Amino acid sequence: MYRVLQELMVNMQKHSKATLVAIAFKKNMNEYIINYSDNGKGVDLTGLKLRNGLKNVETRIKSIQGIINFESSLNKGFKVFISFKK
């Protein structure tokens, strides 16, 4: 998870130009949930191609049998929802 969050922060600094970032951690009975959100310039997800950084994030989450979802649109920030079992 350290590398996943690190990559999200690097992308925020390089690409999003965000001024605010929120990362929320939740623990349910047998599941961890991490929500990342920033107020950056966002991206059109229909044209988004997962390259090295985001592809690595996705691969790392899938390696722990987790689920990752990206949500964004132009000028609306970037959000990532991650969940995985204990």
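Residues numbered from 1 in each chain as written. Predicted model: local features only at pLDDT ≥ 70, side-chain atom pairs only at ≥ 80, totals over all residues. Heavy atoms only, no water.

### What to know about the pairing of strand 3 (residues 67-72)
And then number 1: Burial of strand 3 is one-sided: the residues Ile-68, Phe-70 and Ser-72 facing one way are buried, the residues Ile-67, Asn-69 and Glu-71 facing the other way are not.
And then number 2: Between strand 3 and strand 4 (residues 78-85), which pair antiparallel and follow one another directly, the connecting turn spans five residues, one of which, Asn-75, has a positive phi of 60 degrees. (Buried < 20%, exposed > 50% of the residue type's maximum accessible area, 1.4 Å probe, protein only. Helix = DSSP H or I, 4+ residues; strand = E, 2+ residues; numbered from the N terminus. Pairing = 2+ DSSP bridges.)

### A short note on the sheet that holds strand 3
And then number 1: Read from one edge of the open sheet, four strands run 1-2-4-3, paired in antiparallel fashion. Unpaired on one side and paired on the other, strand 1 (21-27) and strand 3 mark the two borders of the sheet. Sheet twist, expressed as the mean angle between neighbouring strand axes with direction ignored, is 10 degrees.
And then number 2: Where strand 1 lies against strand 2 (residues 31-38), seven bridges are found, and the strand directions are antiparallel. In the strand pairing of strand 2, Lys-26 is matched with Ile-33.
And then number 3: Sheet contacts for helix 1 (residues 2-16): strand 1, strand 2 and strand 4; angle to strand 2, the most-contacted strand, approximately 10 degrees.
And then number 4: Strands strand 3 and strand 4 of the sheet are contacted by helix 2 (residues 52-63), whose axis makes an angle of about 145 degrees with strand 3. (Axes fitted to C-alpha atoms, helices over the stretch in contact; angles between N-to-C directions. Contact = heavy atoms within 4.5 Å.)

### What about the packing of helix 1 against helix 2?
And then number 1: As a packed pair, helix 1 and helix 2 sit with axes 9 Å apart at the nearest point and diverge in direction by 160 degrees. With respect to helix 2, the element helix 1 is oriented roughly antiparallel. Here the hand of the crossing between helix 1 and helix 2 comes out left-handed. Two secondary-structure elements touch here, helix 1 through Arg-3, Val-4, Glu-7, Leu-8 and Asn-11 and helix 2 through Gly-53, Leu-54, Val-57, Arg-60 and Ile-61. (Parallel < 35°, antiparallel > 145°, perpendicular 65-115°, else oblique. Left-handed = near helix turned anticlockwise from the far one by under 90°.)

### So, the pattern of salt bridges
And then number 1: On inspection of all chains with the given rule, the structure shows two salt bridges.
And then number 2: Linking Lys-62 and Glu-58 is a salt bridge whose minimum nitrogen-to-oxygen distance equals 3.9 Å. One end of the pair, Lys-62, and the other, Glu-58, are both in helix 2, four residues apart, so they sit about a helical turn from each other.
And then number 3: Sharing partners across several salt bridges, the network here consists of Lys-55, Glu-58 and Lys-62. (Salt bridge = Lys/Arg side-chain N within 4 Å of Asp/Glu carboxyl O.)

### Remarks on helix 1
And then number 1: For helix 1, with 15 residues, the first-to-last C-alpha span of 20 Å sits near the 21 Å given by 1.5 Å per residue.
And then number 2: Buried within helix 1 we find Val-4, Leu-5, Leu-8, Asn-11, Met-12 and Ser-16. End-on, the buried residues of helix 1 take up no more than an arc of 120 degrees, which puts them together on one face. Exposed residues lying more than 90 degrees from the buried face of helix 1 are Tyr-2, Gln-13 and Lys-14.
And then number 3: Turning to helix 1, the residues buried within the fold contact strand 1, strand 2, helix 2 and strand 4. (Expected span 1.5 Å × (residues − 1). Arc of directions from axis to C-beta.)

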